[in-house]
Every structure is written in structure tokens, then in C-alpha cells.
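Fold and geometry: a report
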Amino acid sequence: MCLIVRCGGLPLAITVLGGLLATKSTWNEWQRVYENIKSYVSNGGSSNGKGMVMPVKHTEASTTVEDVGQDYLEELVKRSMVMVGRRDIVTSEVMTCHLDPKTKLDLSTLRNLEHLWDFPVGKCNPRDLLAMTSLRRLSINLSSQNTDFEVVSSLSKVLKRLRGLTINVPCEPMLPPVDVTQLVSAFTNLCELELFLKLEKLPGEQSFSSDLGALRLWQCGLVDDPFMVLEKLPNLKILQLFEGSFVGRKLCCSKNGFPQLHSLTLSQLENLEEWTVEDGAMMRLVSMELKCCNKLKSVPEGTRF
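Notes on the structure in this doc start here. Predicted, not measured: the structure shown is a model, and the values here were computed from it.

The rules behind these values
Residues numbered from 1 in each chain as written. Predicted model: local features only at pLDDT ≥ 70, side-chain atom pairs only at ≥ 80, totals over all residues. Heavy atoms only, no water. Helix = DSSP H or I, 4+ residues; strand = E, 2+ residues; numbered from the N terminus. Buried < 20%, exposed > 50% of the residue type's maximum accessible area, 1.4 Å probe, protein only. Contact = heavy atoms within 4.5 Å. Phe/Tyr/Trp six-rings, centres within 6.5 Å; stacked < 30°, edge-to-face > 60°. Pairing = 2+ DSSP bridges. Axes fitted to C-alpha atoms, helices over the stretch in contact; angles between N-to-C directions. Core = buried A, V, L, I, M, F, W, Y, C linked by side-chain atoms within 4.5 Å.

A word on the overall build of the protein chain
What the protein chain contains, in helices and strands, is six helices and twelve strands. Counting every position in the protein chain, which comprises 305 residues, the buried fraction comes to 37%. By sequence separation, contacts in the protein chain at least 24 residues apart represent 51% of the contacts at least 6 residues apart.

Below is the structure:
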């Protein structure tokens, strides 16, 4: 997708131009910048963006469209054309960004948008998402009100290409835990799910997409062993339990549990004391991260590498 935002502001144009001129060295590059600037001026501050960023060369066979997109985005950041809002703490990839404090985006131009982060359902009309039929990854900020959950659940009929979903509800002490069963079960094609909220309970295994391959939990406050549900997910390959996601004392992996799990992270589970793994569980596990689980007495024999 190519998103072009028109901003008639001269200060932004000067900032962009300065970053561009500092990187050009060949005649062809200078010629393309010249043509673009001439077009920009003649169109009253509107530009098609050609020549602004030189193609990023990739030779690796494993390179994805997302990899190329990230490289182009980093180039735009270096040239002060894009300002970073938030980066992934693990990969340092740009997660959110904006062009200029005064820039406004018309949602009608976002039909081909594939990734949308931090959409505030409580402050914006979630019906705006109806136009974004190409969305593949969506991050939403919800209140604890059931009406928000119902509205977003209804969008699943339109967002049929959605494969990744992040649900974030403020973890304030006075707010009650929420039940996301209806919301999770509405999106039947998810491959990746992240929950950052306080849960009443973990939805049953039948509520999760059968294609779910990655699950990340934050601040869920689960008391019951989540493995009792999660080990039954047939295609789960990545499971990450972060700070506050589980506050109980015991975890148990049953025989034949987690049949496809490749990677497991247990991080900052401060109350965890016992963890058992029965024979035949997690047979495909190849990597495990155990971090700041200070009360855990021992690591199960079968998980030691």
C-alpha cells in the first residue's frame, strides 16, 4: 500500500528537502528530486512521492513485503518525513508513527491499509473500521464497557482478512475484570492474538481460532492455570506469558499438551512456585525464556536444554 498525505505546510517541506539533499550523490538521484520538487511546487504542495526515497535493495530469499516496508519506513524516519510514535521493545520496528501534528488523515483513503495500531474505540467511531476491509493486523484500545466489545465483535463480518489482533483495556485497580469470550470467538481466522487486560477468566479453547499460532498475555491476572486451556490449541506455536498475566502458584503441562509449541516465554510471573511437565508434553519445543520468576523452585527436567 502507498499512503500519500497532502500537507501544504512549507516548514515540513523544508525539513523534508534538507534531509533529501543530504543523501543524494548521483545525477539520476538529483534529477528525480528536482522533478519531484518541481511537481510539488506546481501542485501547490502536493506530491506523488516519487524519487523521495530510493528503492531498498534486498537479496535474501526470505525477505517479506513487511521487511521491505519497514526498511522504507526507516528511510522516511531518517529524512524527518515520518516521526516515530512507538517502537517494538524487542525488534525496534516502528509500530506507530505520524507525519505532522497538523496532518489529518481521511479514512476514505485508508481502504488498502493493512496495519492499524492503537485505535481508540472509546474516542473514535469503530464503524470507521468498516471501510478498512484490507486490514490484516489491528490493535484496539477499549473501555471495560460491554458495548465496545459488542461493536468490535460485529466488525468481524467485515474484517475477514484480519489475522492479527491486539486488545488493550486499561488495567486500573477500580475497573472490574472483563470477559472477552464473545470478542475472541468472533474473529475465526486469527493467527496472532495479544491480550493486555484484566480477565474474568480465559476463554475456553473452542473460543480461539483453530489457526491461532501466537498468543501473548499481559496483566490478565489469571488465577487458574491457563495451560489447562491453551495446551489444547492445535496449532499454537508461540506462547508468551508476561508480567501479571498469571498470578497463581502452579502450572502444569499435561501429556500430549501443546502439540505444536515451538517457543515459550514465562516472564515476571512473581507468584509462580511450581511447574510440572508430563511426559509427551511440548514435544516440539525448541526455545524457552524464563525471566524473573523468582519463586519458581525448579525447572522441569524435560524443558532443560
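From this point on, the discussion continues.
Brief notes about the packing of aromatic side chains
Enumeration according to the criterion identifies three aromatic pairs in this entry. Ring geometry for Phe-196 against Trp-218: centres 5.6 Å apart, planes inclined by 0 degrees, an arrangement best described as stacked. With a gap of 22 residues between them, Phe-196 in strand 6 (residues 192-196) and Trp-218 in strand 7 (residues 214-218) connect regions that are remote in the sequence. Their ring planes at 20 degrees and their centres at 4.1 Å tell us that Trp-218 and Phe-242 sit as a pair that is stacked. With Trp-218 in strand 7 and Phe-242 in the loop between strand 8 (238-241) and strand 9 (250-253), this pair connects stretches of sequence that are 24 residues apart. Among the residues examined, Phe-242 registers a relative accessible area of 14% and is labelled buried.

Quick notes on the sheet that holds strand 10 (residues 263-267)
The eight strands lie next to each other as 3-4-5-6-7-8-10-12, forming an open sheet whose pairing is parallel. What marks the edges here is a single partner per strand, and that holds for strand 3 (115-120) and strand 12 (287-291). Adjacent strand axes in the sheet meet at a mean angle of 5 degrees, parallel and antiparallel pairs treated alike.

Considerations on the environment of Leu-272
You can see Leu-272 is positioned in the loop between strand 10 and strand 11 (274-277). Residue class for Leu-272 comes out buried when judged on its relative accessible area of 0%. In the structure, Leu-272 is positioned 21 residues away from Leu-251 in sequence and 7.7 Å away in space, judged by C-alpha atoms. Leaving out residues up to four positions away in the same chain, Leu-272 has contacts with Phe-246, Gly-248, Arg-249, Lys-250, Leu-251, Leu-266, Lys-295 and Leu-296.

Considerations on the environment of Val-158
By the element assignment, Val-158 lies in the loop between helix 4 (146-154) and strand 5 (164-168). Taking the C-alpha atoms as reference, Val-158 lies 8.6 Å from Met-132; in sequence the two are 26 residues apart. Apart from residues no more than four positions distant in its own chain, Val-158 is found in contact with Leu-130 and Thr-133.

Here's the deal with the nonpolar core
Core analysis: the largest hydrophobic core is formed by 57 residues, its most contacted members being Leu-138, Phe-227, Leu-239 and Leu-266. Sorting elements by how many residues they give to this core places helix 6 (residues 227-230) first, with three residues. The contacts of Leu-239, once residues within four sequence positions are left out, are Leu-215, Phe-227, Leu-230, Phe-258, Leu-261, Ser-263, Leu-264 and Thr-265.

In short, the description is geometric, and any link to function would need to be established separately.
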